[in-house]
Amino acid sequence: QMNHLPDHIREKVQNHPCYSEDAHHYFARMHVAVAPACNIQCHYCNRKYDCANESRPGVVSELYTPEQAVRKVKAVAATIPQMTVLGIAGPGDPLANPERTFATFRMLSEQAPDIKLCVSTNGLALPESVEELSKHNIDHVTITINTVDPDIGAEIYPWVFWKNQRIKGRAGAEILIEQQQRGLEMLSERGILTKINSVMIPGINDKHLVEVSKIVKGKGAFLHNVMPLIAEAEHGTFYGVMGQRGPNAEELQELQDACAGDMNMMRHCRQCRADAVGLLGEDRGAEFTLDKIEAMD
Ligand code: CLF
Ligand code: SF4
């Protein structure tokens, strides 16, 4: 899969553990949980936990200031030399916390220029953020796109917060979808690599995601990551309470195969926490809590 990539793209993905399946055996990523707020509501979210756009609901991350986050990144980089990528993925939406997210990126691009910066977003605030993202030399942006149809969107997103107003139902979903698609186009125009995450929700968007995959590929997305809904009742999400189930492993694989065609599919995602540290599937976060980092200085 990597061999047919043009050089300038291969260079960007060859040591990113999410964008390259090969790389994930050798290179590690870390997340810093600097972004508490969110600007939309997803029916699969429980705000007490990390953003389910990328991560497993049901775990809570300790919130860091940008300064604390930078100290943590330096401490991890000194301990784990394979750590090539720093991602901001929550616990809310990184672009709904622009001061905190961009302060972290700015300090890191100055103080640790070898570390690749990565971000994951629901996309609502993406078009207004693209300029700033390209300033910080960010090559990797993930957008969670669960649908391109506002009627389906209304079943996933009860509201979005837009221009100081809460906009409910189909109208809110329509705005979110437009912003996501425009953001994707703007990133593609600038040559920033994009990964699309889609949460597979049986009976709601499962049949529709093949079309989503084609559309985002047409707009230049590099990689598509179909993730299973996690909706345990004890997580207290709307879907969990309503008895909505997640897909089983076979259903997930069937959909990933159906999307595959000539789209690159990510199949090694581990649905990381917003403060994960280490190789994918490994979590060394407990070695780098604030008290331990302070003791390292
Ligand atoms: Fe983190 Fe996400 Fe960047 Fe990777 S994770 S912000 S792209 S550096 Fe990776 Fe984790 Fe899956 Fe995300 S395995 S949940 S896809
Ligand atoms: Fe929750 Fe993330 Fe959705 Fe925001 S974008 S509501 S934090 S799952």
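From a predicted model like this one, the values you see are computed outputs, not experimental measurements.

A few words on helix α9 (residues 249-260). With 12 residues, α9 extends 16 Å between its outermost C-alpha atoms, agreeing within 8% with the 16 Å of an ideal straight helix rising 1.5 Å per residue. Buried residues along α9 sit against β8 (193-200), α7 (209-218) and β9 (223-228).

Quick look at the site of ligand 1 now. Residues in close proximity to ligand 1 total 18 residues, the closest being C18, G87, C118, C269 and C272. Every element with two or more residues in the shell around ligand 1 is listed here: β1 (28-31), β3 (83-88), β4 (116-121) and β5 (140-144).

With that out of the way, let us pick up the packing of helix α2 (residues 66-79) against helix α3 (residues 98-111). Axes are the key here: two packed helices are described by the angle between their axes and the distance separating the axes. Interaxial distance between α2 and α3 falls to 9 Å at its minimum, and their mutual angle equals 40 degrees. Taken as axis vectors, α2 and α3 run oblique relative to one another. The hand of the α2/α3 crossing is right-handed. In this structure, α2 uses P66, A69, V70 and V73 to contact α3, whose residues at the interface are R100, A103, T104, M107, L108 and Q111. Residues that form the contact of α2 with α3 fall into these classes: seven nonpolar, two polar and one charged.

To continue, consider the site of ligand 2. Lining the immediate surroundings of ligand 2 are C38, I40, Q41, C42, C45, C51, A52, N53, G92, D93 and N122. Residues of the shell around ligand 2, tallied by class, amount to six nonpolar, four polar and one charged.

A word on the packing of α7 against α9. As a packed pair, α7 and α9 sit with axes 9 Å apart at the nearest point and diverge in direction by 35 degrees. Relative to α9, the crossing made by α7 is right-handed. On α9, the residues that touch L209, V210 and S213 of α7 are L255, A258 and C259. Within the contact of α7 with α9, the residues separate by chemical class into five nonpolar, one polar and no charged.

The three strands are arranged β2-β6-β7 in an open sheet whose pairing can be described as antiparallel. The outermost strands of the open sheet, each flanked by one partner alone, are β2 (40-41) and β7 (165-168). For strand β6 (residues 159-162) and β7, the ladder comprises four bridges, and the chain directions are antiparallel. Looking at the pairing, W159 lines up with K168 of β7.

Before going further, it helps to examine the pairing of β3. Of all six residues in β3, six are buried, a share of seventy percent or more. The pairing of β1 with β3 spans four bridges and is classified as parallel. Across the sheet, A28 pairs through a bridge with M83, a residue of β3. Across four bridges, β3 lies against β4 in parallel orientation. Bridge pairing in β4 links V85 to K116. Note on the crossover from β3 through α3 to β4: the handedness is right-handed.

About the criteria used
Residues numbered from 1 in each chain as written. Chains lettered and ligands numbered in written order. Predicted model: local features only at pLDDT ≥ 70, side-chain atom pairs only at ≥ 80, totals over all residues. Helix = DSSP H or I, 4+ residues; strand = E, 2+ residues; numbered from the N terminus. Expected span 1.5 Å × (residues − 1). Contact = placed C-beta atoms within 7 Å. Near = placed C-beta within 6 Å. Axes fitted to C-alpha atoms, helices over the stretch in contact; angles between N-to-C directions. Parallel < 35°, antiparallel > 145°, perpendicular 65-115°, else oblique. Left-handed = near helix turned anticlockwise from the far one by under 90°. Nonpolar A, V, L, I, M, F, W, Y, C, P; charged D, E, K, R; others polar. Pairing = 2+ DSSP bridges. Buried ≥ 20, exposed ≤ 12 C-beta atoms within 10 Å, placed from the backbone. Right-handed = clockwise from strand over helix to strand, strands pointing away.

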